[in-house]
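Structural overview
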Amino acid sequence: MRYLALLLIVGASFGAEGGHIDHSFGVLLWKGLNILAFLGIVYYFGRKPISEAFNKFYTSIIQSLTNSEREFLMAKEELLKAKEELEEAKRKAEESIALAKETAETEKKNILKHAEDVAQRIKEKAKESIEIELNRAKKELALYGIQKAEEIAAEILKKEFSKKDVQKKYIEAQLKVLEEKNA
């Protein structure tokens, strides 16, 4: 510390020497020593605050990266859950379609049996049988329409769920539902 003070005093006396510009070795040496002394003082007094500032900055970056990684992993888990839910929904849709077809087939058989019974009654009551036959035809048309609608719906669902953007929209919608439930 004494040497530093001595260097500052000597450097100041050389620096205050004159109004002329002299680039001799001695002047340059003292200017260099003055700069080194200044840097030494800055280092001595500023080392700790600067080090603390850099450590805080480094810690904040690490914490930010850790938080980002945690959020990424959570989002990844939610995406996997959404994919599983999508697969479950596809499976349930296929089961529903199969059940609907089975039910429609049973209904069709029941309607056909009913139609045979109605045909027997036609011999007995002509007017009543015409009305019954008309109702049966309406029911068959409705069932046929339902069956065709189910087939078309099944084809549309299969076609739409095979598209990546539809799957993505479904997953996003499921993620929003999950977020709303968690909020």
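Position numbers for residues count from 1 along each chain, tracking the sequence in the order it is written. Per-residue local features of the predicted model are confined to residues with pLDDT of at least 70, and side-chain atom pairs are confined, for both listing and counting, to 80 or more; whole-chain, interface and lining totals are unaffected and use all residues. In computing side-chain properties, one takes all heavy atoms of the structure into account and sets aside hydrogens as well as water.

1. A short note on the overall build of the chain
Labels follow the DSSP assignment, with helices taken as runs of H or I lasting at least four residues and strands as runs of E lasting at least two, numbered in each case from the N terminus. When you go through the chain residue by residue, the secondary structure sums to four helices and zero strands. What you see in the chain, going N to C, is helices and strands ordered as α-α-α-α. Taking all 183 residues of the chain together, the buried fraction comes to 11%. Surface accessibility follows the Shrake-Rupley procedure with a 1.4 Å probe radius. Residue values consider only the protein chains on display as shielding. Total accessible area on the chain stands at roughly 15,300 Å², and carbon and sulfur atoms take up 62% of it. The classification of residues rests on relative accessible area computed with a 1.4 Å probe and restricted to protein chains. Under 20% of the type maximum is buried, over 50% is exposed, and intermediate values are partly exposed.

2. Quick notes on the side chain of R136
Within the element layout of this structure, R136 appears in helix α3 (residues 126-161). Dropping the residues within four chain positions of it, R136 is found in contact with I111 and A115. Contacts are assigned to residue pairs that have any heavy atoms within 4.5 Å of one another.

3. Notes on α3
What a helix should span is 1.5 Å times the count of its residues minus one. Relative to the 52 Å expected for 36 residues at 1.5 Å per residue, α3 spans 51 Å between its end C-alpha atoms, a close match to the ideal helical length. Among all positions in α3, only S129, I132, R136 and A154 are buried.

4. A word on the packing of aromatic side chains
In summary, the pairing rule links any two rings of Phe, Tyr or Trp, Trp by its six-membered ring, whose centres are within 6.5 Å, and it sorts them by plane angle into stacked for under 30 degrees, edge-to-face for over 60 and tilted for everything else. Evaluated as defined, the whole model comprises one aromatic pair. Between Y44 and F45, the aromatic rings sit 5.0 Å apart at their centres with planes inclined by 85°, giving edge-to-face as the arrangement. Using a relative accessible area of 57% as the deciding quantity, one classes F45 as exposed.

5. Some thoughts on a nonpolar patch on the surface
On the surface, a cluster of nonpolar side chains totalling about 510 Å² of accessible area is made up of I35, L36, F38, L39 and V42. Within the secondary structure layout, V42 lies in helix α2 (residues 25-124). Among the residues examined, V42 registers a relative accessible area of 38% and is labelled partly exposed. Exposure above 30% relative accessible area and the lack of any salt bridge qualify a residue for a patch; like charges then connect within 9 Å, and the nonpolar side chains Val, Leu, Ile, Met, Phe, Trp and Tyr within 5 Å. Take a side-chain nitrogen of Lys or Arg and a carboxyl oxygen of Asp or Glu: if they are within 4 Å of each other, that pair is a salt bridge.

6. A look at the pattern of salt bridges
Following the criterion strictly, the structure yields seven salt bridges and no others. The salt bridge partner of R91 is E88, with a shortest N-O separation of 2.2 Å. One end of the pair is R91 and the other is E88, both in helix α2 and three residues apart, which spans about a single turn. With relative accessibility at 36%, the residue R91 sits in the partly exposed group. Of the residues examined, E88 reaches a relative accessible area of 32% and is grouped as partly exposed. A salt bridge links E140 to R136; the nearest nitrogen and oxygen atoms lie 2.1 Å apart. Of this pair, E140 and R136 both sit in helix α3, separated by four residues, roughly a single helical turn. Residue classification places R136 among the buried residues on the basis of a relative accessible area of 16%.

7. As for helix α4 (residues 164-182)
Relative to the 27 Å expected for 19 residues at 1.5 Å per residue, α4 spans 26 Å between its end C-alpha atoms, a close match to the ideal helical length. Within the sequence span of α4, burial applies to Q167, I171, Q174, L175 and L178. Burial along α4 is one-sided: seen end-on, the buried residues are contained in an arc of 105°. Exposed side chains of α4 directed beyond 90 degrees from the buried face belong to K169, K176 and E180. Summarising the geometry, the arc corresponds to the directions from the helix axis toward the C-beta atoms.

8. Some words on the side chain of Q167
Checked against the element boundaries, Q167 lands in helix α4. Judged by its relative accessible area of 16%, Q167 is buried. With residues near it in sequence (within four places) discarded, Q167 still touches L86, K90, F161 and S162.

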